[in-house]
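Okay, here's what each chain looks like letter by letter:
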Amino acid sequence: MQKNTSRLISVLRIILLLLIIAIHSPHNDSVFTEWFVAFVANAAVPMFFIISGFLFAGSKTYFAENIKKRVYSLLIPFFLWMFVGLIFTECKIALGFASFENVFAKANVAEKIMMASGLFDSIPVLDGPMWYIRNLFCACCLFPIMLKILRSVPRSFMAICLFCYLFRINNFFYTTIQTLAFFPIGVYLSIYKFDIPSLFSKKAALISVLTAIALTFLWYSFRGYYAAHVFSQLGSLCFIYLIA
């Protein structure tokens with residue numbers, strides 16, 4: 001990896017972490033806040049997936065060794081935290097403090113594990129943000145399949161994934177779509193040896209800014225309608241480019 005690319009990724013991580021904090025922090029219901037979350041902050045998680053895909057594909061170690069590392073850094077911490085959450089929640093239920101007692105307390109062991117882990121694309125009940133760790137590990141496991149597809153029909157594959165991301169009907173498969181839409185982009189940039197800093201010219205940045213402004217007006221005009229969702233997702237893509 002070139003030094004400029006490594007430096008860019010290091011700076012990006014700090015910016016993206018701040019945006020993630022902004023998403024999960026209490027905020028008011030002003031139009032600006034709604035716009036900032038919908039357009040800017042929501043670009044953070046896709047960018048993390050792009051970076052993860054880029055770094056995973058660029059690793060010089062064997063795939064099996066990379067997965068072994070992810071087992072220790074992602075999978076084991078995920079299940080340990082899930083187990084801690086289960087124990088903590090059971091204690092809350094026993095003491096009568098669980099807000100979702102009626103749902104969780106009546107579930108059997110298998111259902112509790114499903115709810116706690118958020119398997120099959122639901123958000124984990126006990127700790128929502130842990131879905132990213134789960135999906136990132138799954139994306140790493142699917143790397144050989146992604147690699148084969150990206151070497152055969154790269155543009156078609158990414159176009160389909162981005163289309164599903166932009167025009168999803170509901171949020172049920174949102175985390176899976178987000179993972180499959182952006183992790184492969186990072187893989188694509190890595191396997192085709194893109195020089196990341198060179199991708200971002202002043203002219204392209206200006207076009208992205210103007211596009212984001214136009215999408216902002218469209219988003220505001222159609223607030224409350226499905227079209228607003230599409231405009232905000234397109235706006236997020238603009239800011240993914242600008243943040244990078």
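Residues numbered from 1 in each chain as written. Predicted model: local features only at pLDDT ≥ 70, side-chain atom pairs only at ≥ 80, totals over all residues. Heavy atoms only, no water.

1. Examining the state of the cysteines
The cut-off we apply is this: The disulfide criterion is simple: two cysteine sulfur atoms within 2.5 Å. Only protein chains enter the accessibility calculation, which uses a 1.4 Å probe. A residue is then buried if its area is under 20% of the maximum for its type, exposed if over 50%, and partly exposed in between.
Throughout the structure, instances matching the rule amount to 0 disulfides. As a non-bridged cysteine, cysteine 138 has cysteine 141 as the owner of its nearest cysteine sulfur, 6.3 Å distant. Look at cysteine 138 and you get partly exposed, because its relative accessible area is 40%.

2. A few points about the packing of helix H2 (residues 31-40) against helix H11 (residues 202-221)
Here is the rule: Between N-to-C directions, angles span 0 to 180 degrees; the directions come from axes that are lines fitted to C-alpha atoms, helices contributing only their stretch in contact. To qualify as a helix, a DSSP run of H or I must reach at least 4 residues; to qualify as a strand, a run of E must reach at least 2; elements of each kind are numbered from the N terminus. Any angle between 65 and 115 degrees counts as roughly perpendicular, while under 35 counts as roughly parallel, over 145 as roughly antiparallel, and the rest as oblique. Here is the rule for handedness: rotate from the far helix to the near one, and if that takes an anticlockwise turn smaller than a right angle the crossing is left-handed, while a clockwise turn gives right-handed. Note on contacts: a residue pair qualifies if any of its non-hydrogen atoms lie within 4.5 Å across the two residues. The residue classification treats Ala, Val, Leu, Ile, Met, Phe, Trp, Tyr, Cys and Pro as nonpolar and Asp, Glu, Lys and Arg as charged. All others, Gly included, are polar.
In contact at an axis separation of 12 Å, H2 and H11 are set at 125° when each is read in the N-to-C sense. One element, H2, and the other, H11, form an angle in the oblique class. Pair H2 / H11 crosses with right-handed handedness. Contacts between H2 and H11 involve Val31, Glu34, Trp35 and Phe39 on the former and, on the latter, Ala212, Leu215, Thr216, Trp219 and Tyr220. For the contact of H2 with H11, a count of residues per class yields 7 nonpolar, 1 polar and 1 charged.

3. A few points about the nonpolar core
Soluble globular proteins tend to pack their nonpolar side chains together in the buried interior. How we decide: Nine residue types can take part in a nonpolar core, namely buried Ala, Val, Leu, Ile, Met, Phe, Trp, Tyr and Cys, and a core is a set of them joined through side-chain atoms within 4.5 Å.
Counting residues in each nonpolar core, the largest one holds 53 residues, and the members touching the most others are Phe39, Phe182 and Phe183. If one sorts the elements of this core by residue count, helix H3 (residues 44-58) sits on top with 10 residues. Sequence-distant contacts of phenylalanine 183, that is, excluding residues within four places in its chain, are made with Phe49, Ser52, Gly53, Phe56, Leu136, Ala139, Cys140 and Met146.

4. Here's the deal with the environment of alanine 139
Inspection of the secondary structure puts alanine 139 in helix H7 (residues 131-141). In this structure the C-alpha to C-alpha distance between alanine 139 and proline 184, which are 45 residues apart in sequence, comes to 8.7 Å. If we ignore the near neighbours within four places in the chain, the residues touching alanine 139 are Met146, Thr179 and Phe183.

5. Looking at the packing of aromatic side chains
In this description, an aromatic ring pair is defined by two values, namely the gap between the centres and the angle between the planes. Where we set the bar: Any two of the Phe, Tyr and Trp rings considered here, Trp counted by its six-membered ring, make a pair once their centres fall within 6.5 Å; the pair's planes then place it as stacked at under 30 degrees, edge-to-face at over 60, or tilted in between.
In this structure the tally under the stated criterion is 15 aromatic pairs. Consider the rings of tryptophan 35 and phenylalanine 39, whose centres lie 5.7 Å apart with planes at 25°: the pair is stacked. On the criterion of helical spacing, the pair formed by tryptophan 35 and phenylalanine 39 is a turn pair, its members being 4 residues apart in helix H2. Taken individually, tryptophan 35 and phenylalanine 39 each receive the classification buried, so the pair is uniform in this respect. Pairing tyrosine 165 with phenylalanine 182 gives two aromatic rings, centres 4.9 Å apart and planes at 90°, and the pair type is edge-to-face.

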